Amino acid sequence: MWAWRTGHTLGSLVMCAASGCGGGGLPAPETSLRYKLDDPDSIARWEASEENYALCKVVVAELRYFGEELGGPSPHKPTPMAIYVEQARDSGIAPEQQDLIDALVEDEAMYHALVRDAVYKEYVESYDTIIRSLELAGVLFGLAQTDIAEMAPKIVVGDELDSIMNLSISVHPVVDGTCSIGVLLTTPWSDNDMGLRIEGGGIAAIGTAYESFPPLGEQ
């Protein structure tokens, strides 16, 4: 469905949500580079294009914590960011989806802290496995230790991931009167990326990019 990135040390990954996910899934952070957030016509062209497999409606919100990168705990200058509302291009944004968008914007600091804390926790818990994988790649492909340290930094200060992970946000389709938020983050250390799903104001799932998709029953 989407070729998210190429040229990774461990090879490039093509995630095909259409073949097993029923069209659900989250556009890569790079997708927003294909249109201008201040140009409604270019957004409309992308929404109507074949790239928009999840039939998303793009909502542009001025955010002070979320941005193109994971970012730190302090607010920044208000920055426009795309929120992808899945299955809303043709039928319109459902009231439940709009309520969730409003909650995300209103309580952005809380949602950002929730995401950031979960990302760092997941990374720290997986760090030894990540390093072993990269060291194996180093043996196979000549990856230097300095490259490994740059791709997968050890957490010392607590801001090491803030500028090396790009993210995108989606609001999933409504099922049984509720919907969830998906967050996709690129990971320099792996083609699998990182994904998480927010339900009811908490982290419902975190892991590889697939976790940013709607649950199987919602796709």
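Refer to the structure above for everything that follows.
First things first, this report covers the structure right here in the doc. Keep in mind that this is a model prediction, so the values were computed, not measured. Within each chain, residues carry numbers counting from 1 in the order of the written sequence. Local features in a predicted model are, by the rule used here, given only for residues with pLDDT of at least 70; side-chain atom pairs are given and counted only at 80 or more, and totals for whole chains, interfaces and linings are based on all residues. Heavy atoms from the whole structure form the basis of all side-chain values; hydrogens and water molecules are not counted.

1. Describing the nonpolar core
Item 1. Among the nonpolar cores identified, the biggest contains 38 residues, and Phe66, Leu70, Val119, Ile169, Val183, Leu185 and Trp189 are the most heavily contacted of them.
Item 2. Starting at the N terminus, helices and strands are each numbered in turn, a helix being any DSSP run of H or I of at least four residues and a strand any DSSP run of E of at least two. Contributing elements (two or more residues each) for this core: strand S3 (57–63), strand S4 (79–85), helix H3 (95–106), helix H4 (108–141), helix H5 (145–151), strand S5 (167–171), strand S6 (181–185) and strand S7 (194–199).
Item 3. It is H4 that provides the largest number of residues to this core, a total of 9 residues.
Item 4. The set of buried Ala, Val, Leu, Ile, Met, Phe, Trp, Tyr and Cys residues whose side-chain atoms join them within 4.5 Å is what this entry labels a nonpolar core. Classification of residues uses two cut-offs on accessible area relative to the type maximum, computed with a 1.4 Å probe and protein chains only: under 20% is buried, over 50% is exposed, and between them is partly exposed. One finds Cys56, Val58, Ala82 and Tyr84 within the second-largest nonpolar core, a separate group that totals 8 residues.

2. What to know about H3
Item 1. Taking 1.5 Å of rise per residue, the 12 residues of H3 would be expected to cover 16 Å, and the 16 Å separating its terminal C-alpha atoms lies within 8% of that figure.
Item 2. Among all positions in H3, only Gln97, Leu100, Ile101 and Leu104 are buried. Seen end-on, H3 carries its buried residues on one side only, within an arc spanning 100°. Exposed side chains of H3 directed beyond 90 degrees from the buried face belong to Pro95, Asp99 and Glu106. Take the residue count of a helix, subtract one, and multiply by 1.5 Å to get its expected span. Arc definition: directions from the helix axis to the C-beta atoms.

3. What to know about the pairing of S5
Item 1. Among the 5 residues of S5, 5 are classified as buried, and the element is accordingly described as predominantly covered.
Item 2. Of the two faces of S5, the one holding Leu167, Ile169 and Val171 and the one holding Ser168 and Ser170 are both buried throughout.
Item 3. The pairing of S4 with S5 spans 3 bridges and is classified as parallel. Within the sheet, the bridge partner assigned to Ile83 lies in S5 and is Ile169.
Item 4. Pairing between S5 and S6: 5 bridges, direction antiparallel. The pairing criterion for strands is at least two bridges between them, as found by DSSP.

4. Some words on the sheet that holds strand S8 (residues 202–207)
Item 1. Pairing within the open sheet is mixed, and its 6 strands lie in the order S3-S4-S5-S6-S7-S8. What marks the edges here is a single partner per strand, and that holds for S3 and S8. When the angles between neighbouring strand axes are averaged without regard to direction, this sheet yields 25°.
Item 2. Direction of pairing for S3 relative to S4: antiparallel, over a ladder of 7 bridges. Lines fitted to the C-alpha atoms define the axes, with helices restricted to the stretch that makes contact. Angles between their N-to-C directions range from 0 to 180 degrees.

5. A look at a nonpolar patch on the surface
Item 1. There is a patch of nonpolar side chains on the surface, built from Leu136, Val139, Leu140 and Phe141 and spanning about 470 Å² of accessible area.
Item 2. Counting through the fold element by element, Val139 comes out in helix H4. Distance thresholds for patches are 9 Å for like charges and 5 Å for nonpolar side chains (Val, Leu, Ile, Met, Phe, Trp, Tyr), applied to residues having over 30% relative accessible area and no salt bridge. We get accessible surface area from the Shrake-Rupley algorithm with a probe of 1.4 Å; when it comes to residues, only the shown protein chains can shield them. The term salt bridge refers to a side-chain nitrogen of Lys or Arg lying within 4 Å of a carboxyl oxygen of Asp or Glu.

6. Some words on H4
Item 1. Over its 34 residues, H4 extends only 41 Å from the first C-alpha to the last, a length that falls short of the 50 Å expected when each residue adds 1.5 Å.
Item 2. If you look at H4, its biggest bend is around 55°, right at Tyr127. In this analysis the local bend is the angle between axes fitted, respectively, to the seven residues ending at and the seven residues starting at the residue.

7. Considering the side chain of Ser190
Item 1. Structurally, Ser190 can be placed in the loop between S6 and S7.
Item 2. Using a relative accessible area of 15% as the deciding quantity, one classes Ser190 as buried.
Item 3. Nitrogen and oxygen atoms within 3.5 Å of one another constitute a polar contact, given that in protein one can donate a hydrogen and the other can accept it, and given that sequence-neighbouring residues count only through two side-chain atoms. At 3.0 Å, the side chain of Ser190 and the backbone nitrogen of Asn192 are in polar contact.

8. Some points on the packing of aromatic side chains
Aromatic ring pairs are reported here in terms of the distance separating the ring centres and the angle at which the planes meet.
Item 1. Aromatic rings from Phe, Tyr and Trp, with only the six-membered ring used for Trp, were paired whenever their centres fell within 6.5 Å, and each pair was classed as stacked if the ring planes differed by under 30 degrees, edge-to-face if by over 60, and tilted otherwise. Evaluation of the coordinates by the stated rule reveals 5 aromatic pairs.
Item 2. Measuring from ring centre to ring centre gives 5.7 Å for Tyr123 and Tyr127, while their planes differ by 65°; the resulting arrangement is edge-to-face. Placement of the pair is Tyr123 and Tyr127 together in helix H4, with a separation of 4 residues, close to one helical turn. This pair shows no difference in class: Tyr123 is buried, exactly as Tyr127 is.
Item 3. Members of the aromatic cluster, joined through ring pairs, are Tyr35, Trp46 and Tyr84.

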